[in-house]
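Each chain, written out:
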Amino acid sequence: MSGVRIPYDIRKIRIPRGEVHIVKDRCKGCGFCIEYCPNDVLAVSDEFNSKGYHPPIVVNPDRCVNCGLCEMLCPEFAIWNTLKGEVEAQIAS
Amino acid sequence: MEALETVKVKEKESHPMEPLLRMDRMPHIWCPGCGIGTTVTAFVSALEKLEFDLNKVVIVSGIGCTGRVAGYIKLDSFHTTHGRAIPFATGIKLGNPDLKVVVFSGDGDLVSIGGNHFIHAARRNIDITVILVNNFIYAMTGGQVAPTTPVSAYTTTSPFGNFEPPSNIPQLAEAAGAVYVARWTSLHIRRLTKSITEALQKPGFSVVEVISPCAMYYSRINRLGEGIDMMRFYHENSIIKHGEPTENLDIDYQKQIIVGKFVDRERLTFIESHKQWIGETKS
Amino acid sequence: MQADPKDVFTGSYYIDGDVAAAYGAIAAGCKFLAGYPITPSTEAAEAFAKRAPEVGAIFVQMEDELGSIAAVLGASWAGKKAMTITSGPGFSLMMENIGFGAAIEAPFVIINVQRGGPSTGIPTRTGQGDLMQARWGSHGDYEVIALAPDSPQESFEFAIKAFNLAERYRVPVMLMADECVGHMTEKVVIPPASEIEVENRKYYNGPAEAYSPFRRDDSLVPPIVRPGEGYGLYITGLAHDEKGYPIFDRDIRESTTRALVDKIRQNADKIIEVEEDSLDDAEVVVVSYGISSRVALRAIELARKEGIKVGTLRLITVWPFPEKKIEELSRKVKGFVIPEINYGQIAFEVERCSHGNANVILVPHGGASVHIPEDILGAIRQVAEDKKRYPQLVSYKTYLEKQVFG
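Note that this is a predicted model, so its numbers are computed, not measured.

Rules used throughout
Going along each chain's sequence as written, the residues are numbered from 1 onward. Chain labels run from A onward and ligand labels from 1 onward, assigned in the order the entries are written. Given that the model is predicted, a residue must reach a pLDDT of at least 70 before its local features are reported, and side-chain atom pairs must reach 80 or more before they are shown or counted; all residues, however, enter totals for whole chains, interfaces and linings. Numbering of helices and strands runs from the N terminus; a helix is a DSSP stretch of H or I covering at least four residues, while a strand is a stretch of E covering at least two. A radius of gyration in this sense is built from C-alpha atoms; the matching globule rule multiplies 2.2 Å by the number of residues raised to 0.38. With C-beta atoms placed from the backbone, a residue is labelled by how many other C-beta atoms lie within 10 Å of its own: buried for 20 or more, exposed for 12 or fewer, partly exposed between the two. The contact rule is simple: place each C-beta atom from the backbone, and if two of them lie within 7 Å, those residues are in contact. Residues are grouped as follows: Ala, Val, Leu, Ile, Met, Phe, Trp, Tyr, Cys and Pro are nonpolar; Asp, Glu, Lys and Arg are charged; all remaining types, including Gly, are polar. Note on pairing: DSSP must find at least two bridges between two strands before they are called paired. Between N-to-C directions, angles span 0 to 180 degrees; the directions come from axes that are lines fitted to C-alpha atoms, helices contributing only their stretch in contact. Convention used here: angles under 35 degrees read as roughly parallel, angles over 145 as roughly antiparallel, angles from 65 to 115 as roughly perpendicular, and any remaining angle as oblique. Throughout, a crossing is termed right-handed when the near helix is turned clockwise from the far one, and left-handed when it is turned anticlockwise from it by less than a right angle. A set of buried Ala, Val, Leu, Ile, Met, Phe, Trp, Tyr and Cys residues, joined to one another through C-beta atoms within 7 Å, is what we call a nonpolar core. An automatic or database domain assignment is the source of the domain bounds shown. Per-residue confidence from the predictor is reported as pLDDT, which spans 0 to 100. By this rule the span expected of a helix is its residue count minus one, scaled by 1.5 Å.

Undergrad: Could you give an account of the overall build of chain A, with specific residues and numbers?
TA: A tally of regular secondary structure across chain A gives two helices and four strands. For chain A, the N- to C-terminal ordering of α and β elements is β-α-β-β-α-β. Its C-alpha radius of gyration of 16 Å places chain A more than 25% over the 12 Å reference for a compact globule of 93 residues. Overall size of chain A, expressed as C-alpha extent along the three principal axes, is 50 × 25 × 15 Å. The proportion of buried residues among the 93 residues of chain A is 35%. A sequence separation of at least 24 residues applies to 65% of the contacts in chain A between residues at least 6 apart.

Quick look at the structure:
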């Protein structure tokens, strides 16, 4: 890891961790949340909901940072985040 | 890596917006991939950020897909006749100036049949906020051409392609006298929410135009894909240019869309002018 | 309750019907006028605009009649007594929102100073051609109340009556004046506020969770609330149920549409007001309203001199129509004479309600002036002398028609 400066305040930076909640039966399969999640937390599932659409599932739960973009983009009020905790930042290896 | 600290876990049983939605009328009628639901989310987030007294917020909408918003937000809401949302809102505002009146309606409703009222409410600078969802089409009635439909687009009443030049809503609003004019797409969700908070706080006639996909009609008839394809198009082809002169904001068919905040100026509102000229109306 | 003394311009005036109607509206507590200028009603809006600041009312000249009526509905729901002032062409433009106002049960008043029609018609001269439109103008089922003043003094009084009825029943109330009454200047005495009764709408003061905007009791009129008080109203023009929610695919009987009609029909006896004279032994009854009723007075005077027993039924409320009264009279009298400044509107109602029991003669007039008393006299004579029963309404051939058409 040479040549990478470690920020002095790295111990103070805390990255939020979020939990995704999905109301499967409200989903109409538009795909906005999956497409625009910045951390690829969601993907299309194979299961059908009661309307016949494929709701999203959480495939990378550890990568959710509670940004709330899925919650804001969803036209059906079917998905939202809650803050689960925070972790320390670290340099990616 | 340190173990996950459980900082105050806010376990929400339900979607955070549910207190402000009429959940007994869900699911709503909007199609999969429609941007109106997203616009409603932006609006409700804006209201929550501003910490308004929600009892004093009144939503007035017209007829059309966007007009159905009045039925789904749990505030005092009025679902009025086609095109007459703005004068109805004027009546409510003048009847009780303490209310915060928001007009939430579509492009056809506000700028076509309601065009005259749009122009004059802007001229008078009535203190209302207009959230205009522009999906370039009359969706509720099956996809007819609208005054905002770009040239060459197909719709059910322009079966050979639309040849009428469309309205440029920010230019119209600025020319008529609006004090705040902004345009965003339903993809620019955070900037849209911020714009709505600014528009709600600005005294006078503020217009926020929201370009939204119409997955079932506009996109389908023109073979533009689904809602997600329209969103990808907005991602690639929208460019933020705050303060751009409104005459440059025409929207051509499947070309660049300029978004941003274009007008933010000061003018006396109707009620302020009334007070100045005629004196306080004690009611 | 009593009128607010600030709103009542007590005194004796020499003003025209338009101005009197405006003063009447102000006395009733009207605090909002949204209008658009149209001859011959403009004087009323002008009078209101001038006096509005001193009573705390707002006057807005909107961009067109469509905006005017929409603003009136908004202000009405916001809690103010609201009205608009117009004439025939504007009245036609307002029709969609009149239906909307009836559906959302907003109390409001429209003053229609009728002029010669149809279309642009004869703007500066009189007509009485909007009566049927007042009742049936908008699409769908709903009921309205319509009043017809015959003088500036009545314009003042009926304006107050119109607001009281609107607030009591939450319906559109039309004050059907005409250009003659609107533009004639006569003495108008405005009494002190203590002698003027005004009514306000019934408000609901219970808990918000228990509130249904259109749930009604035996009076058939639901109590109203104002936006901004935390009731979470949803008011729509779609056919809706008690809670205000659209009924979509549910049974239409769940909607409030039936109640909109029943509200007036079942309370008709309390609303209908007529002015009667000499009906007990009448052979001929003259049914009239507005300016025509004053012209008819001369004809009736002459007819009585000739020995014909003429009774009068002057309609103060044109809608709801006094069906029972007409039906009762039809069994006793030889016939009805209806002078109106149109080619037959209320005459058809009289014909309908008389069920063929009496002759019905219409004395028509194309507009632009009032009847010649001799025409009405001729019609009265015809009814008195005629031995046969006409199967349907007969139109009296007026002096002018005889001259022109032979």
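Undergrad: So, the interface of chain C and chain B: which residues are in play, and what are the values?
TA: On the side of chain B, 34 residues touch chain C, which itself brings 38 residues to the contact. Going through the elements one at a time, β2 (32-35), β3 (58-61), α3 (65-77), α5 (95-103) and β10 (234-236) of chain C are the ones with two or more residues in the side of chain C that touches chain B. With nine residues, α3 of chain C is the single largest residue contributor to the side of chain C that touches chain B. In terms of residue class, the side of chain C that touches chain B is built from 22 nonpolar, ten polar and six charged. Inspection of the sheet shows strand β2 (residues 76-79) of chain B paired to β10 of chain C by three bridges, in the parallel sense. Its bridge partner lying in β10 of chain C, serine 77 of chain B is registered against tyrosine 234 of chain C.

Undergrad: Can you tell me about the packing of helix α12 (residues 323-330) of chain C against helix α13 (residues 346-354) of chain C, naming the residues and giving the values?
TA: Residue and element names in this part refer to chain C. Closest axis-to-axis distance for the α12/α13 pair is 8 Å, and the angle between their directions is 60 degrees. The orientation of α12 with respect to α13, classified from their angle, is oblique. For the element pair α12 and α13, the recorded crossing hand is right-handed. Residues Glu323, Ile326, Glu327 and Ser330 of α12 lie in contact with α13, whose contacting residues are Val350, Cys353 and Ser354. Considered class by class, the residues forming the contact of α12 with α13 number three nonpolar, two polar and two charged.

Undergrad: Please give an account of the packing of α3 of chain C against α5 of chain C that cites residues and values.
TA: Residue and element names in this part refer to chain C. Across the interface, α3 lies against α5 with an axial gap of 9 Å and an inter-helix angle of 10 degrees. Relative to α5, α3 is oriented roughly parallel. Counting all contacts with α3, which are made through Leu66, Ile69, Ala70 and Leu73, the residues of α5 involved are Asn97, Ile98, Phe100 and Gly101. Its residues placed into classes, the contact of α3 with α5 shows six nonpolar, two polar and no charged.

Undergrad: Please set out the interface of chain A and chain B residue by residue, giving values where relevant.
TA: Frequently, the measure chosen for interface size is the accessible area removed from exposure when the parts meet. Taken residue by residue, the interface counts 23 residues in chain A and 30 residues in chain B. Only α1 (32-36), α2 (69-73) and β4 (79-88) of chain A provide two or more residues apiece to the side of chain A that touches chain B. Here the side of chain A that touches chain B gets eight residues from one element, more than from any other, and that element is β4 of chain A. Considered class by class, the residues forming the side of chain A that touches chain B number ten nonpolar, five polar and eight charged.

Undergrad: Give me the nonpolar core: which residues, what numbers.
TA: Counting 237 residues, the largest nonpolar core has Ala25, Met83, Val109, Ala146, Leu175, Val337 and Ile380 of chain C as its most contacted members. Viewed by domain, this core spans two of them, domain 1 (5-195) and domain 2 (274-405) of chain C, each represented by three or more residues.

Undergrad: Residues and numbers for the domain arrangement of chain C, please.
TA: Residue and element names in this part refer to chain C. Here chain C is described as being made up of domain 1 (5-195) and domain 2 (274-405). Between domain 1 and domain 2, the C-alpha centre-to-centre distance is 28 Å. The partner domain 2 presents 21 residues to the 23 residues of domain 1 that form the contact. Elements with a contribution of two residues or more to the side of domain 1 that touches domain 2: β6 (122-126), α6 (131-136), β7 (145-147), β8 (172-178) and α8 (179-183). Considering each element in turn, the side of domain 1 that touches domain 2 owes the most residues, four residues, to α6.

Undergrad: Could you give an account of helix α2 (residues 85-95) of chain B, with specific residues and numbers?
TA: Counting buried positions along α2 of chain B yields eleven of eleven residues, so the element is predominantly enclosed. All of the buried residues along α2 of chain B are Ala85, Ile86, Pro87, Phe88, Ala89, Thr90, Gly91, Ile92, Lys93, Leu94 and Gly95 of chain B.

Undergrad: Lay out the confidence of the model for chain C in plain terms, naming residues and giving numbers.
TA: For chain C, per-residue confidence averages 94 on the pLDDT scale, and residues scoring 70 or more make up 100% of the total. In the predicted complex, the global pTM is 0.93; the interface-specific ipTM is 0.92.

Undergrad: Describe the sheet that holds strand β7 (residues 180-185) of chain B, listing the residues and the values that go with them.
TA: A sheet is described by the order of its strands in space; here nine strands give the open sequence β9(B)-β10(B)-β7(B)-β8(B)-β4(B)-β3(B)-β1(B)-β2(B)-β10(C), paired in mixed fashion. Each having just a single partner strand, β9 (238-240) of chain B together with β10 of chain C make up the two edges of the open sheet. The average undirected angle you get between the axes of adjacent strands in this sheet is 20 degrees. With four bridges connecting them, strand β1 (residues 57-61) of chain B and β2 of chain B associate as parallel partners. Paired with valine 58 of chain B across the bridge in β2 of chain B is aspartate 76 of chain B. Those strands touched by helix α1 (residues 36-50) of chain B are β1, β4 (129-134) and β8 (206-211) of chain B, and its axis lies near 160 degrees from that of β4 of chain B. Where helix α6 (residues 189-201) of chain B meets the sheet, its contacts fall on β4, β7, β8 and β10 (257-264) of chain B, and the angle it forms with β7 of chain B comes to roughly 160 degrees.

Undergrad: If you had to explain α1 of chain B to someone new, which residues and values would you point to?
TA: Helix length check: α1 of chain B (15 residues) gives 21 Å between terminal C-alpha atoms against 21 Å at 1.5 Å per residue, within 8%. Across the 15 residues that make up α1 of chain B, a large majority, twelve, are buried. Among all positions of α1 of chain B, only Ile36, Gly37, Thr38, Thr39, Val40, Thr41, Ala42, Phe43, Val44, Ser45, Ala46 and Leu47 of chain B are buried. Residues of α1 of chain B that are buried make contact with α2 of chain A together with β1, β4, α6 and β8 of chain B. After α1 of chain B finishes, the residue glutamate 51 of chain B shows a positive phi value of roughly 55 degrees.

Undergrad: Please give an account of unusual backbone geometry that cites residues and values.
TA: Note that the residue after threonine 39 of chain C, namely proline 40 of chain C, is joined by a cis bond; omega there is 0 degrees. Relative to the elements of secondary structure, proline 40 of chain C occurs in the loop between β2 and α2 (42-55). Between tryptophan 319 of chain C and proline 320 of chain C the backbone carries a cis peptide bond, its omega angle lying at -5 degrees. Relative to the elements of secondary structure, proline 320 of chain C occurs in the loop between β14 (317-319) and α12. One non-glycine residue, phenylalanine 77 of chain A, lies in the positive phi region at around 55 degrees. As for its placement among the helices and strands, phenylalanine 77 of chain A is situated in the loop between α2 and β4. You can call phenylalanine 77 of chain A buried: it has 24 C-beta atoms within 10 Å. Phi is positive for phenylalanine 248 of chain C, which is not a glycine, with a value near 45 degrees. Along the chain, the position of phenylalanine 248 of chain C falls in the loop between β10 and α9 (257-265). Judged by the 9 C-beta atoms lying within 10 Å of it, phenylalanine 248 of chain C falls in the exposed class.

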